[in-house]
Amino acid sequence: MAGVIRRLEETVVNRIAAGEVIQRPANAIKEMIENCLDAKSTSIQVTVKDGGMKLIQIQDNGTGIRKEDLDIVCERFTTSKLQSFEDLSNISTYGFRGEALASISHVAHVTITTKTADGKCAYRASYADGKLKTPPKPCAGNQGTQISVEDLFYNISTRRKALKSPSEEHARIVEVVSRYAIHNSGISFSVKKQGETMADVRTLT
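The paragraphs below set out a description of the structure included in this document. This structure is a prediction, so every number in the text was calculated from the model and none was measured.

With respect to the pattern of salt bridges
Taken as a whole, this structure holds five salt bridges when the rule is applied. In this structure, glutamate 34 and lysine 30 form a salt bridge, with 3.0 Å as the shortest nitrogen-oxygen distance. Note that glutamate 34 and lysine 30 are positioned in helix α2 (residues 25-38) at a spacing of four residues, about one turn of the helix.

A closer look at the pairing of strand β4 (residues 122-128)
Where strand β3 (residues 109-115) lies against β4, five bridges are found, and the strand directions are antiparallel. When the sheet's bridge partners are listed, valine 110 is paired in β4 with tyrosine 127. Here three bridges tie β4 to strand β6 (residues 137-139), and the two strands are oriented antiparallel to one another. Bridging across to β6, tyrosine 123 finds its partner in proline 138. Where β4 meets strand β5 (residues 131-132), two bridges bridge the pair, whose relative direction is antiparallel. Paired with alanine 128 across the strands is lysine 131, a residue of β5. Linking two consecutive strands that pair antiparallel, namely β4 and β5, is a turn of two residues; a positive phi of about 50° is found at aspartate 129 within it.

Description of the packing of α2 against helix α5 (residues 166-183)
The relative placement of two packed helices is expressed as an angle between their axes plus a distance between the axes. Between α2 and α5, whose axes approach to 9 Å, the crossing angle comes to 25°. Taken together, α2 and α5 sit at an angle that is classed as roughly parallel. The hand of the α2/α5 crossing is right-handed. For the pair α2 and α5, contact is made by Pro25, Ala26, Ile29, Lys30, Ile33, Glu34 and Leu37 and by Glu169, Arg172, Ile173, Val176, Val177 and Tyr180, respectively. Class assignment of the residues belonging to the contact of α2 with α5 gives a composition of nine nonpolar, no polar and four charged.

Criteria and thresholds
- Residues numbered from 1 in each chain as written.
- Predicted model: local features only at pLDDT ≥ 70, side-chain atom pairs only at ≥ 80, totals over all residues.
- Heavy atoms only, no water.
- Salt bridge = Lys/Arg side-chain N within 4 Å of Asp/Glu carboxyl O.
- Helix = DSSP H or I, 4+ residues; strand = E, 2+ residues; numbered from the N terminus.
- Pairing = 2+ DSSP bridges.
- Axes fitted to C-alpha atoms, helices over the stretch in contact; angles between N-to-C directions.
- Parallel < 35°, antiparallel > 145°, perpendicular 65-115°, else oblique.
- Left-handed = near helix turned anticlockwise from the far one by under 90°.
- Contact = heavy atoms within 4.5 Å.
- Nonpolar A, V, L, I, M, F, W, Y, C, P; charged D, E, K, R; others polar.

Nothing here speaks to function; it is all geometry.
Encoded structure:
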């Protein structure tokens, strides 16, 4: 008997796609660091817990995200770096597909706190499966963006089981951040475990 071909539900498709983009905590951090660099940040601070499986938090001092864009920032194929297909021929940024935050939001709980230079205050918003959970709320905050990613792969147990120990995942994170720090000498980077004062990586501008 031939099997019945069915169209997969959108949430299943998005989680599968997310697992291809974000294979482990270090991949998520790579994608977010590139967003920080594209936002003209000169300081990027990474804080993690349990090798990034429990928490990844990235704080930058870049341009921030406009309040008007917070509605769609975690949807797939949303980007500020590309408008037409022809723009691909002269792209000068790290990321342009609009996949990073979308993918992360399909496999983790994401909270974004952001403030632009001309904003009177910062705004905080939470996301799940690419969608805004509640309207952005005004809050205190410095210019730039802080992204918190909690419980990575909470809804894909097979991916979670495939990860190494927290210490090994942390070592991969340190390696990724160190690589970007080496190639971006005018930017300060730091990586530390949550609750610790000593950083595993710290570079100064």
